[in-house]
Amino acid sequence: MGQKKDLTGSEKSKIVRYLAEGCSSLKIAKLLKRDHRTIKRFIQNSQQGRKKRVDKPRRKITAHELRKVKRAAAKMPLATSLAIFQSCNITGVPKSTRCAILRDMAKVRKAERRPPLNKTHKLKRQDWAKKYLKTDFSKVLWTDEMRVSLDGPDGWARGWIGKGQRAPVRLRRQQGGGGVLVWAGIIKDELVGPFRVEDGVKLNSQSYCQFLEDTFFKQWYRKKSASFKKNMIFMQDNAPSHASKYSTTWLTRKGIKEEKLMTWPPCSPDLNPIENLWSIIKCEIYKEGKWYTSLNSVWEAVVAAARKVDGEQIKTLTESMDGRLLSVLAKKGGYIGHGFVFELFLNVRNVYL
């Protein structure tokens, strides 16, 4: 008997809604006409973190190839494991094996920062997840801003450094630095933007609303049908320029009010799927320690990287929301965990790895 197809995105969404309505897994299986074990497996996997990696036997490489890899790692600081092995003409080695080999001769440093969560934050995150359990997330427009600099984010210039080798020096600019502020949105399988905020403009309530008027509303929203506008839900985070009375009143005049304007819990970048899109774009424009000499050149790189992201990749991000909500509830308002985000990130960004 042939293997049955995996659950589709629409089926996963239906499972979440049926669970919210109090249906048992057996009843859901009958409603969807799917195997009961398949439904139970999806529910269990959504509530668990990432499974521990099972060590597999490494692919053996020769001593000569090892010496070539060591020399390449010394000559190509900040390069990825794939770039190092390709420079040695060593192919067919999976990423896990490449990294395991490089750990014996080099190391990678990574610093991560996340906003702290207190008890109030966790309660609000749980309330938010319960409120939107039955939401059709294909109709939600997820928006956010991202700042890109000429040299890349602090701490991002990292890569494999051979033991005994010094990391290359990255000098700070005394003048002529700065960055570009970018706004974008994703809905279902569509990317809205990216749009560039004018240089030197500080986004307060007034400038933020004017920016939306000149870009989002005039260039994208105005072209949509009345039925689309009626069903669309607008999401933005709690930045002061977003959550101010001036901005909410202005959006109300534009027809985005009440249930059409999604409430957002505090300290929750992990719940916004567009954050994963920013990671994909930044990894592309700053790969192998790349940096830029002008604001226009870094903006052109952002546009080029955004064009590489296709509809299927965006759909993977927007369809991840059901799993994010279940994870938040399972963790009682805590962060959804590196396992969930990392696996989603790999699924979408595999073309760059």
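Relevant structure appears above.
Rules used throughout
Residues numbered from 1 in each chain as written. Predicted model: local features only at pLDDT ≥ 70, side-chain atom pairs only at ≥ 80, totals over all residues. Heavy atoms only, no water. Axes fitted to C-alpha atoms, helices over the stretch in contact; angles between N-to-C directions. Helix = DSSP H or I, 4+ residues; strand = E, 2+ residues; numbered from the N terminus. Parallel < 35°, antiparallel > 145°, perpendicular 65-115°, else oblique. Left-handed = near helix turned anticlockwise from the far one by under 90°. Contact = heavy atoms within 4.5 Å. Phe/Tyr/Trp six-rings, centres within 6.5 Å; stacked < 30°, edge-to-face > 60°. Buried < 20%, exposed > 50% of the residue type's maximum accessible area, 1.4 Å probe, protein only. Pairing = 2+ DSSP bridges.

(A) Structural view of the packing of helix H8 (residues 205-219) against helix H11 (residues 245-253). Relative orientation of the contacting elements H8 and H11 amounts to 30 degrees, with a least axis distance of 8 Å. One finds that H8 runs roughly parallel with respect to H11. Considering only the axes of H8 and H11, their crossing is right-handed. Note on element contacts: H11 touches H8 through Tyr246, Ser247, Trp250 and Leu251, opposite Ser205, Gln206, Tyr208, Cys209, Leu212, Glu213 and Phe217.

(B) Structural view of the packing of aromatic side chains. Scanning all chains against the criterion turns up 15 aromatic pairs. An angle of 80 degrees between the planes, with centres 5.5 Å apart, marks the rings of Phe217 and Trp250 as edge-to-face. You can see Phe217 sitting in helix H8 and its partner Trp250 sitting in helix H11, a full 33 residues away along the chain. For Phe217, a relative accessible area of 6% puts it in the buried group. Accessibility expressed as a relative area gives 11% for Trp250, which makes it buried. Geometrically, the ring pair formed by Trp220 and Phe228 is edge-to-face, given 5.7 Å between the ring centres and 75 degrees between the ring planes. Trp220 gets classed as buried once you look at its relative accessible area, which sits at 9%.

(C) Focus on the sheet that holds strand E4 (residues 179-187). Read from one edge to the other, the open sheet built from four strands follows the order E5-E4-E2-E6, with strand pairing classed as mixed. On the outer flanks of this sheet lie strand E5 (190-196) and strand E6 (233-235), each paired with one strand and no other. Each strand of the sheet is rotated relative to its neighbour by a mean of 20 degrees, with strand direction disregarded. In the sheet, strand E2 (residues 140-149) pairs with E4 via eight bridges, with the strands oriented antiparallel. Along E4, the bridge assignment pairs Asp144 with Ala184. Strands E2, E4 and E5 of the sheet are contacted by helix H14 (residues 311-318), whose axis makes an angle of about 80 degrees with E4.

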